[in-house]
Amino acid sequence: TNNESLLRDPLYRGYRQPRVTGDRYYALVDEFVRAVFSRFPNVLLQWEDFSSDKASNLLAKYRENYLCFNDDIQGTGATVLAGVLGALRLQRRPPEDIRSLRVAVVGAGSAGIGVAQALHMAMQQAGLSAKAAYSNFYILDQDGLQSKARFSSLTEEQMAFAR
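Summary of the structure given here. This one's a predicted model, so the numbers in the text were calculated from it and none came from an experiment.

1. A closer look at the nonpolar core
Step number 1: Among the nonpolar cores identified, the biggest contains 18 residues, and Ile98, Val103, Ala116, Leu119, Met123, Phe137 and Ile139 are the most heavily contacted of them.
Step number 2: Only helix H4 (71-90), strand E3 (103-106), helix H5 (110-125) and strand E4 (137-141) provide two or more residues apiece to this core.
Step number 3: In terms of residues, this core owes the most to one element, H5, which gives six residues.

2. Overview of unusual backbone geometry
Step number 1: The phi dihedral of Asp49 falls on the positive side, at around 55°, and the residue is not glycine.
Step number 2: When you line up the elements, Asp49 lands in the loop between strand E1 (45-47) and helix H3 (52-62).

3. Points about the pattern of salt bridges
Step number 1: Under the definition given, this model contains six salt bridges.
Step number 2: Two residues, Arg93 and Asp97, come together in a salt bridge whose shortest N-O distance is 3.1 Å.
Step number 3: Taking the relative accessible area as the measure of exposure, Arg93 reaches 28% and is therefore partly exposed.
Step number 4: Note on Asp97: relative accessible area 22%, which makes it partly exposed.
Step number 5: Among the salt bridges present, the one from Asp143 reaches Arg150, with a minimum N-O distance of 3.8 Å.
Step number 6: Its relative accessible area of 58% is what places Asp143 among the exposed residues.
Step number 7: One salt-bridge network, in which partners are shared between bridges, spans Asp30, Arg34 and Lys61.

Criteria and thresholds
- Residues numbered from 1 in each chain as written.
- Predicted model: local features only at pLDDT ≥ 70, side-chain atom pairs only at ≥ 80, totals over all residues.
- Heavy atoms only, no water.
- Core = buried A, V, L, I, M, F, W, Y, C linked by side-chain atoms within 4.5 Å.
- Buried < 20%, exposed > 50% of the residue type's maximum accessible area, 1.4 Å probe, protein only.
- Helix = DSSP H or I, 4+ residues; strand = E, 2+ residues; numbered from the N terminus.
- Salt bridge = Lys/Arg side-chain N within 4 Å of Asp/Glu carboxyl O.

Encoded structure:
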């Protein structure tokens, strides 16, 4: 942990060293992934609770070569998509009506963007162009609406939804 008060706490049970960062961090993760899939070639690797600045990068790096998913990005997105489709069904509306929804996502971390990505993909599968589907979203974070004026502070995944 990088939490100084935990490092000083005699009851803290975690690893009493600062977190590995930068290239050393990614080398450690890469060593772990290669070791796991070397030993268990048919395993499903679940990325759980990785920070937003790492979650998308790790998923993008490994998803094409290894069976893996990120719970925050894909798991939350799939769950919300199922809920939206269920709500449309309860309203006796066809699944294609997802095209007409306007979506406000409050929270632009990996889970919030994962929700937006899952709904965006469903809108495209229902017939919208990528551009038209993006226009249905309003992503808000602690600084308000994510807009093109804030591009320099957004991740690549957030930029796709910026207004």
